[in-house]
Amino acid sequence: HVYCTNKEKGCKWRGEVNDIISHLGNSEGCQFREVCCSNGCGKSLQRQYLTIHVKTKCPRRKVKCRYCRDTGEYQFIEGQHKKMCLKFPLPCPNKCEANCIPREDIDEHRKKCPLEEVNCPNGCGTHLQRQYLNHHAENNCRCRIVQCQHCRISGQHQFIEGEHKDKCSKFPLPCPNRCEVGRVLREELQEHIQVCPLEIVSCDYHTVGCGTRMARKDRSKHNRKMMEQHLSFTLQQLMSTQQNLVATQVEGANMKQQLALAHQQIGVLSEKLEHFENKTGQALKTTKATMRKELKQNISVAEKNVVGTLRKELKQSIADTEKKVMQKLDTTQQELTTASVTLKSAQLETKVSAQLHVAQETYDDDSDDDYDDQYEYDDGQYDHYDHQYDDDHQYDDYHQCDDYDYYDD
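Computed from a prediction, not measured in an experiment: that's the story for all the values here. (Residues numbered from 1 in each chain as written. Predicted model: local features only at pLDDT ≥ 70, side-chain atom pairs only at ≥ 80, totals over all residues. Heavy atoms only, no water.)

Caption draft 1: Quick look at the overall build of the protein. Along its length, the protein carries 15 helices and 16 strands. Across the 409 residues that make up the protein, the buried fraction comes to 26%. Within the protein, residue pairs in contact and separated by at least 24 positions form 19% of the contacts whose partners lie at least 6 positions apart. Total accessible area on the protein stands at roughly 29,100 Å², and carbon and sulfur atoms take up 50% of it. (Helix = DSSP H or I, 4+ residues; strand = E, 2+ residues; numbered from the N terminus. Buried < 20%, exposed > 50% of the residue type's maximum accessible area, 1.4 Å probe, protein only. Contact = heavy atoms within 4.5 Å. Areas by Shrake-Rupley, 256 points an atom, 1.4 Å probe, with all protein chains shown as cover.)

Caption draft 2: Fine view of the nonpolar core. Ranked by size, the top nonpolar core spans 9 residues in total: V146, C148, I160, C168, F171, L173, V184, L189 and I193. Among all residues touching V184, those that are not within four sequence positions of it are F171, P172, L173, L189 and H192. Core analysis: the second largest hydrophobic core is formed by 6 residues, C4, C11, I20 and C30 among them. (Core = buried A, V, L, I, M, F, W, Y, C linked by side-chain atoms within 4.5 Å.)

Caption draft 3: Main features of the environment of R66. Counting through the fold element by element, R66 comes out in the loop between strand 5 (62-64) and strand 6 (71-73). Linking R66 and F88, residues 22 residues apart in sequence, is a C-alpha distance of 8.8 Å. Polar side-chain contacts of R66 include one of 3.0 Å to the side chain of Y67. (Polar contact = N/O pair within 3.5 Å; in protein donor to acceptor, adjacent residues only side chain to side chain.)

Caption draft 4: Region of interest: unusual backbone geometry. One non-glycine residue, R69, adopts positive backbone phi at about 65 degrees. Summarising the element assignment, R69 is placed in the loop between strand 5 and strand 6. Assessed through its relative accessible area of 51%, R69 is described here as exposed.

Caption draft 5: Just helix 2 (residues 47-57), in detail. Every buried residue belonging to helix 2 is among R47, L50 and H53, and all of these are buried. Buried residues of helix 2 fall within an arc of 80 degrees about the axis and therefore sit on the same side. Looking at the buried positions of helix 2, the neighbouring elements they touch are helix 1 (20-25), strand 3 (34-36) and strand 4 (44-46). (Arc of directions from axis to C-beta.)

Caption draft 6: Focus on the pattern of salt bridges. Enumeration according to the criterion identifies 9 salt bridges in this entry. In this structure, E73 and R60 form a salt bridge, with 3.3 Å as the shortest nitrogen-oxygen distance. Taken together, the positions of E73 in strand 6 and R60 in the loop between helix 2 and strand 5 put the pair 13 residues apart, joining distant regions of the chain. Here R60 falls in the partly exposed class, since its relative accessible area comes to 33%. For K87, the salt bridge is made with E104, and the minimal N-O distance between the two is 2.7 Å. One end of the pair, K87, is in the loop between helix 4 (80-84) and strand 7 (89-90); the other, E104, is in the loop between strand 8 (101-102) and helix 5 (106-110), and 17 residues separate them in sequence. (Salt bridge = Lys/Arg side-chain N within 4 Å of Asp/Glu carboxyl O.)

Caption draft 7: Inspection of the state of the cysteines at higher detail. In this structure the tally under the stated criterion is 0 disulfides. No disulfide involves C30; its sulfur sits 3.6 Å from the nearest other cysteine sulfur, which is in C4. With a relative accessible area of 1%, C30 lands in the buried category. Not part of a disulfide, C141 finds its nearest cysteine sulfur in C120, a span of 3.6 Å. (Disulfide = S-S within 2.5 Å.)

Caption draft 8: Expanded view of a nonpolar patch on the surface. Judged by side-chain polarity, L235, L238 and M239 come together as a nonpolar surface patch covering roughly 290 Å² of accessible area. Residue class for M239 comes out partly exposed when judged on its relative accessible area of 43%. (Patch = residues over 30% accessible without salt bridge, like charges linked within 9 Å, V, L, I, M, F, W, Y side chains within 5 Å.)

Caption draft 9: Layout of the side chain of R61. The residue R61 is located in the loop between helix 2 and strand 5 in this model. Of the polar contacts made by the side chain of R61, one reaches the backbone oxygen of T56; its length is 3.0 Å. A polar contact is formed between the side chain of R61 and the backbone oxygen of C58, at a distance of 2.7 Å. Those residues in contact with R61 that sit more than four places away from it in its chain are N39, V54, K55, T56, G72, E73 and Y74.

Caption draft 10: Summary view of the packing of aromatic side chains. Under the defined criterion, the tally for this structure stands at 1 aromatic pair. Both rings, one in Y67 and one in F88, keep their centres 5.3 Å apart while their planes meet at 85 degrees; by these two values the pair is edge-to-face. One end of the pair, Y67, is in the loop between strand 5 and strand 6; the other, F88, is in the loop between helix 4 and strand 7, and 21 residues separate them in sequence. Here F88 falls in the buried class, since its relative accessible area comes to 13%. Taking the ring centre of Y74 as reference, the NZ or CZ of R61 above it sits at 3.9 Å. (Phe/Tyr/Trp six-rings, centres within 6.5 Å; stacked < 30°, edge-to-face > 60°. Lys NZ or Arg CZ within 6 Å of the ring centre and 35° of its normal.)

See the structure below:
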């Protein structure tokens, strides 16, 4: 008989030599023999501890994730898988009361977490925890929609309490005179000032000289106290008004006299104008008769002297006649100018100019008619000269010369 090789470790087996191999190799045999883990983790240990090791301590033993129930080696489940498991419970990243939130529900939880930092939905730019959001949006946010407590208009808080408050027609304002009314609506403030008993106003008799200013409530008292002075001021004003009235009446009488004198002057000027018009008409008739006579004489002289120097003498005669006519016209124009200056003060220059214009046109028409008659009367004489000087066409030139046409005009 022999003892087991693991006797020193505590094995008490004793048997035949041939049975020792069976004792050591059988799983039911020596429990003190060191064997390797069946899971392949590489650890060696006595057979009596192998079962416990394989079931509870081996890092490569097969286990299930207690959250998602996936199966795998222990070291994978407790390591890499634990970091990815969607069912693994995690504490709230904001450290709220929720401590066991599945990893897959973390994002959904943060959408409701009272400690999550969020932006104000009104757009004011404030960043705060969700648990304070409602209080902020209702009470502190400058962009929250509120209603004016006076006129009931709606708008952002910063607008209602700022720009609108300074313009709201229903906003109560204190009376600037601090009267008993206290506060008055902005839209009624001006009306209140018109009746406010403490408003500083002028005396009722300020138009007649009283310069006292007082509160409206004291005006009646002032009027009673200063009645004599007010009557004195009124009397002085009345006397001054009467003096002004008398002065105005005197001035009106003077103006009537001046107006009558002006009418007389206008009548005198009208008579002078009528006399001048008659004189001008006679002068024009005389001038026309003289010019017509001179024109006939010049034409007769030109016809008698047409032989040899017809063109030269005709031009000289026309030039002389033109010069005389221009001189007489200048003389007439000077007379008219002198008359216009005399009548300018009465503003009758327009009427005189119109009469002169009509007279000038009449003179031009009569001159044209007289010249045409003379030309036709002496046409027989032109035939004689035309026969004598037909070769050089002197008479035709006489009819067509520019100077003659100019003289005719």
